[in-house]
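In case you want the letters, here they are:
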Amino acid sequence: AVVSTQSGHYGRGDAVNVLEQFGRSLDPQKLLPSFIHCKTTDQKDQALRYLEFVIFQNKCKDEAIHNFLLSLFVQQDDERLLIDFLRKTDANVDRKYALRLCSEHRKWKACCYIYTKMGLYEEAVKLALTKLYDVKEAEDTASFAQDCSPDDHEMIKKLWLMIARHVVEKEEDIKHVMDFINRGDQVLKIEDILPFFKDFFYIKDFKEAICKSLEIYNLNINQLNDDMKDATESAERIHNDISNLKRKNCVVEACKKCYLCDIPLLTRSFYVFPCSHMFHTSCLVKEITQYLSKRKSEEVSKLYKILLNLKDEEQTRTDRYRNSKSALDDIIAEECLMCGEYMIQTIDTPFLPSEEEEYEQLKQEWA
């Protein structure tokens, strides 16, 4: 192997100096099998030094080179070197491989860093609390997650609750917990943390926070009462408008005609809409069914036939007639045919028929 044989003939680091002289003309991938066989600390240090030169001086982006150098850094006692390497070369390292390698060597701080870069913030916080026992590391992770995902309020609150629970149950540091509540972003409230405490404890440290929380609740209740009052008044106004609309009447002159058939309106039953459009019932039923679904169209036809069969004065007083009339009104008189949604549905309908025969017939009628 290159490194192992050269280190036997040269002084410490001389083999690396020789390799560095070749610069980019030497393919570092072909040297990996030799580096893998390095056994002594001196040989591994030389391999690490050369690979650092390849990555940071020669700007090598090869993932295999980065992963192998990572495996060398994992074996170092100083974990700061490993984390510094991860921060500089994060994009070129296989994160899943790095996470497995760091876990095997119990490099928990590096694991937290990798979890954070992968967006697995809950795992990072949990690891910081259970393996590192480092609340500050957990807080930094939660703050980083909050900066990266400020709109994910549920996730952010969960992270801070994990930290608060650890501080309450493991450290019993009441003042530290109060710092979470007094944070400027107000992620946690006193009521979120109270379930973590024992059944009996002194509340003197929480007195101010509890009073403040009660004041906020009181303000929220007053706001809700005002909103409910406004909603009630609005509902009453709408109810009155509907009642007035039902009692609204209009005068239909004898000369008025149906907007669909152009025949005098008073010749048979009709509908008059608030917008002043007027239609015979039969004309409206015929025209509106083409815009309804198949089920609705069949229902309208059925109701209209029932009304036609109940023409006698005694029959019009029956519940069947009134129910059928009300059901028909709910469908065809929901909105005006000329200025409601039905008219919008016809916006792409051509003014003239597409069939030639129908067009010629219409042309003759207009002539």
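Keep in mind the model is a prediction, meaning the values are calculated, not measured. (Residues numbered from 1 in each chain as written. Predicted model: local features only at pLDDT ≥ 70, side-chain atom pairs only at ≥ 80, totals over all residues. Heavy atoms only, no water.)

### Topic: the overall build of the protein
(1) Moving on: Looking only at helices and strands, the protein has 19 helices and 2 strands in total.
(2) Moving on: The proportion of buried residues among the 367 residues of the protein is 35%.
(3) Moving on: Restricting the contact set of the protein to residue pairs at least 6 apart, pairs at least 24 apart contribute 49%.
(4) Moving on: Total accessible area computed for the protein in this model is approximately 24,400 Å², and 50% of it derives from carbon and sulfur atoms. (Helix = DSSP H or I, 4+ residues; strand = E, 2+ residues; numbered from the N terminus. Buried < 20%, exposed > 50% of the residue type's maximum accessible area, 1.4 Å probe, protein only. Contact = heavy atoms within 4.5 Å. Areas by Shrake-Rupley, 256 points an atom, 1.4 Å probe, with all protein chains shown as cover.)

### Side note on the pattern of salt bridges
(1) Moving on: One pass over the full model with this rule turns up 9 salt bridges.
(2) Moving on: Between R295 and E299 there is a salt bridge, with its nearest N and O atoms 3.9 Å apart. In this pair, R295 and E299 are both assigned in helix 16 (residues 294-309), 4 residues apart and thus about one turn of the helix distant.
(3) Moving on: A relative accessible area of 56% means that R295 is categorised as exposed.
(4) Moving on: Note that K325 and D329 form a salt bridge whose closest N and O atoms lie 3.2 Å from each other. (Salt bridge = Lys/Arg side-chain N within 4 Å of Asp/Glu carboxyl O.)

### Concerning helix 8 (residues 108-117)
(1) Moving on: Where burial is concerned, most of helix 8 is hidden: 8 out of the 10 residues are buried.
(2) Moving on: For helix 8, the full list of buried residues reads W108, A110, C111, C112, Y113, I114, Y115 and T116.
(3) Moving on: For helix 8, the elements touching its buried residues are helix 6 (79-89), helix 7 (95-104), helix 9 (121-130) and helix 10 (135-148).
(4) Moving on: Immediately downstream of helix 8, the backbone of G119 shows phi near 80°, a positive value.

### Regarding the confidence of the model for the protein
(1) Moving on: Per-residue confidence for the protein gives a mean pLDDT of 82, with 85% of residues at or over 70.
(2) Moving on: A low-confidence stretch, residues 1-12 (pLDDT under 50), is modelled with 19 contacts involving residues beyond four sequence positions or located in other chains. (pLDDT = per-residue confidence, 0-100.)

### Topic: the packing of helix 9 against helix 10
(1) Moving on: At a minimum axis separation of 8 Å, helix 9 and helix 10 run at an interaxial angle of 165°. It follows from the interaxial angle that helix 9 and helix 10 lie roughly antiparallel. The interaxial crossing formed by helix 9 with helix 10 has left-handed handedness. Only V135, E137, A138, T141, A142, F144, A145 and C148 of helix 10 make contact with helix 9, whose side of the interface consists of Y121, A124, V125, A128 and L129.
(2) Moving on: Its residues assigned to classes, the contact of helix 9 with helix 10 comprises 11 nonpolar, 1 polar and 1 charged. (Axes fitted to C-alpha atoms, helices over the stretch in contact; angles between N-to-C directions. Parallel < 35°, antiparallel > 145°, perpendicular 65-115°, else oblique. Left-handed = near helix turned anticlockwise from the far one by under 90°. Nonpolar A, V, L, I, M, F, W, Y, C, P; charged D, E, K, R; others polar.)

### Digging into the nonpolar core
(1) Moving on: In this structure, Y50, L70, I163 and I193 are the most contacted members of the largest nonpolar core, which totals 65 residues.
(2) Moving on: Top element by residues in this core is helix 11 (residues 153-171). It accounts for 8 residues.
(3) Moving on: Apart from the residues lying within four places of it in its own chain, the contact partners of L70 are L82, F85, L86, V93, Y97, A98 and L101.
(4) Moving on: With 24 residues, the next largest nonpolar core counts C258, L292, Y321 and L328 among its residues. (Core = buried A, V, L, I, M, F, W, Y, C linked by side-chain atoms within 4.5 Å.)

### Some details on the packing of aromatic side chains
(1) Moving on: Counted by the stated rule, this structure contains 7 aromatic pairs.
(2) Moving on: Site record: aromatic cluster; members linked through ring pairs are F35, Y50, F53 and F68.
(3) Moving on: Over the face of the ring belonging to F56 we find K88, whose NZ or CZ atom lies 5.5 Å from the ring centre.
(4) Moving on: Above the plane of the ring of W108 lies K131, whose end atom (NZ or CZ) is 5.2 Å from the centre. (Phe/Tyr/Trp six-rings, centres within 6.5 Å; stacked < 30°, edge-to-face > 60°. Lys NZ or Arg CZ within 6 Å of the ring centre and 35° of its normal.)

### Concerning the environment of I288
(1) Moving on: Its place among the elements puts I288 in helix 15 (residues 281-288).
(2) Moving on: Each C-alpha atom of the pair I288 and Y342 lies 7.9 Å from the other, and the pair is 54 residues apart in sequence.
(3) Moving on: Once you skip the residues sitting within four places of it in the chain, I288 turns out to touch I332, L337 and Y342.

### Considerations on the packing of helix 11 against helix 12 (residues 174-181)
(1) Moving on: The contact between helix 11 and helix 12 brings their axes to 9 Å, and the two run at 165°. Relative to helix 12, helix 11 is oriented roughly antiparallel. Here helix 11 runs over helix 12; the crossing is left-handed. Where helix 11 approaches helix 12, its residues W160, I163, A164, V167, V168 and E171 are matched on the opposing element by H176, V177 and F180.
(2) Moving on: Each residue belonging to the contact of helix 11 with helix 12 can be placed in one class, and the counts come to 7 nonpolar, 1 polar and 1 charged.

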